[in-house]
Every structure is written in C-alpha cells, then in structure tokens.
Amino acid sequence: MIKVWIRLDKSDDLAKLNAVASRMPFDIDLVSGWYIADAKSIVGLFGLDWTSTIRVDIHTDRRSAEPFLQYLRPMMTGK
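Note that the structure is a prediction, hence the values are computed from the model and not measured.

## Focus on the overall build of the chain
For step 1, the next point in the chain: From N to C terminus, the chain includes three helices and five strands.
For step 2, the next point in the chain: Of the regular secondary structure in the chain, the N- to C-terminal order runs β-α-β-β-α-β-α-β.
For step 3, the next point in the chain: Taking 2.2 N^0.38 as the reference for a compact globule, 79 residues should give roughly 12 Å; the C-alpha atoms of the chain span a radius of gyration of 11 Å, in line with that estimate.
For step 4, the next point in the chain: With the principal axes as the frame, the chain shows a C-alpha extent of 30 × 25 × 20 Å.

What follows is the structure in structure tokens.
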C-alpha cells in the first residue's frame, strides 16, 4: 500500500479525483480525520473535509500506481 498526502484547492477537485480514481484497477481510499471514503464513490467523497490535508491510501504497488501518482503530484504535500 502507498500512502500520500494531498491538499485540494476547491470542491471541483473532488469530482476530478473521483473520475481519475474510477479508471484505476485498484482500490483507493481517502482519509480525513476519522472518515474514510472510497475514492471511486462520489457520494462518499463529499463527506470529506477537503479544506484540510487528506491522506490517500493506494492499495497496489508503486509501479501499478504510477499513473495515478502522476495525477496526484501537483496536489501532494509533505503531510
């Protein structure tokens, strides 16, 4: 599993993240505080506190995750 932290600038970023995650063949979870959402569930994503740092748990190896990580890189934070 790969863990990275991201910061979203606006709520539209959630819909874009969902669209990209939905095309991935592995599971992706977003964690904000105690709340965990399936990145492929648009309804679940809107329960996140997107104004704070969000942890992304990618359930695959780094090589398989590379296309998704490329998408996330502009949003990544140190934590």
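## Thoughts on the environment of Phe26
For step 1, the next point in the chain: Within the secondary structure, Phe26 is located in the loop between helix H1 (12-22) and strand S2 (27-32).
For step 2, the next point in the chain: When the C-alpha positions of Phe26 and Thr60 are compared, they lie 6.4 Å apart, and in sequence the two are 34 residues distant.
For step 3, the next point in the chain: Other than its neighbours up to four places away in sequence, Phe26 contacts Lys40, Ile58, His59, Thr60, Ser64, Ala65 and Phe68.

## Thoughts on the nonpolar core
For step 1, the next point in the chain: In this structure, Ile28, Leu30, Val56, Ile58, Phe68 and Leu72 are the most contacted members of the largest nonpolar core, which totals 24 residues.
For step 2, the next point in the chain: When residues no more than four places from it in sequence are discounted, the contact partners of Val56 are Ile2, Lys3, Val4, Ile6, Ile28, Asp29, Leu30, Phe68 and Leu72.

## Here's the deal with the pairing of strand S4 (residues 54-59)
For step 1, the next point in the chain: In terms of strand pairing, strand S1 (residues 2-6) meets S4 through five bridges, oriented antiparallel. For Ile2, the partnering residue across the bridge sits in S4 and is Ile58.
For step 2, the next point in the chain: Where S2 lies against S4, five bridges are found, and the strand directions are antiparallel. Bridge pairing links Asp29 to Asp57 in S4.

## Regarding a nonpolar patch on the surface
For step 1, the next point in the chain: On the surface, Ile42, Val43 and Phe46 cluster together to form a nonpolar patch covering roughly 300 Å² of accessible area.
For step 2, the next point in the chain: Within the element layout of this structure, Ile42 appears in helix H2 (residues 42-45).
For step 3, the next point in the chain: Overall, Ile42 belongs to the partly exposed group, its relative accessible area being 33%.

What counts and how
- Residues numbered from 1 in each chain as written.
- Predicted model: local features only at pLDDT ≥ 70, side-chain atom pairs only at ≥ 80, totals over all residues.
- Heavy atoms only, no water.
- Helix = DSSP H or I, 4+ residues; strand = E, 2+ residues; numbered from the N terminus.
- Rg over C-alpha atoms; globule rule 2.2 N^0.38 Å.
- Contact = heavy atoms within 4.5 Å.
- Core = buried A, V, L, I, M, F, W, Y, C linked by side-chain atoms within 4.5 Å.
- Buried < 20%, exposed > 50% of the residue type's maximum accessible area, 1.4 Å probe, protein only.
- Pairing = 2+ DSSP bridges.
- Patch = residues over 30% accessible without salt bridge, like charges linked within 9 Å, V, L, I, M, F, W, Y side chains within 5 Å.
- Areas by Shrake-Rupley, 256 points an atom, 1.4 Å probe, with all protein chains shown as cover.
- Salt bridge = Lys/Arg side-chain N within 4 Å of Asp/Glu carboxyl O.

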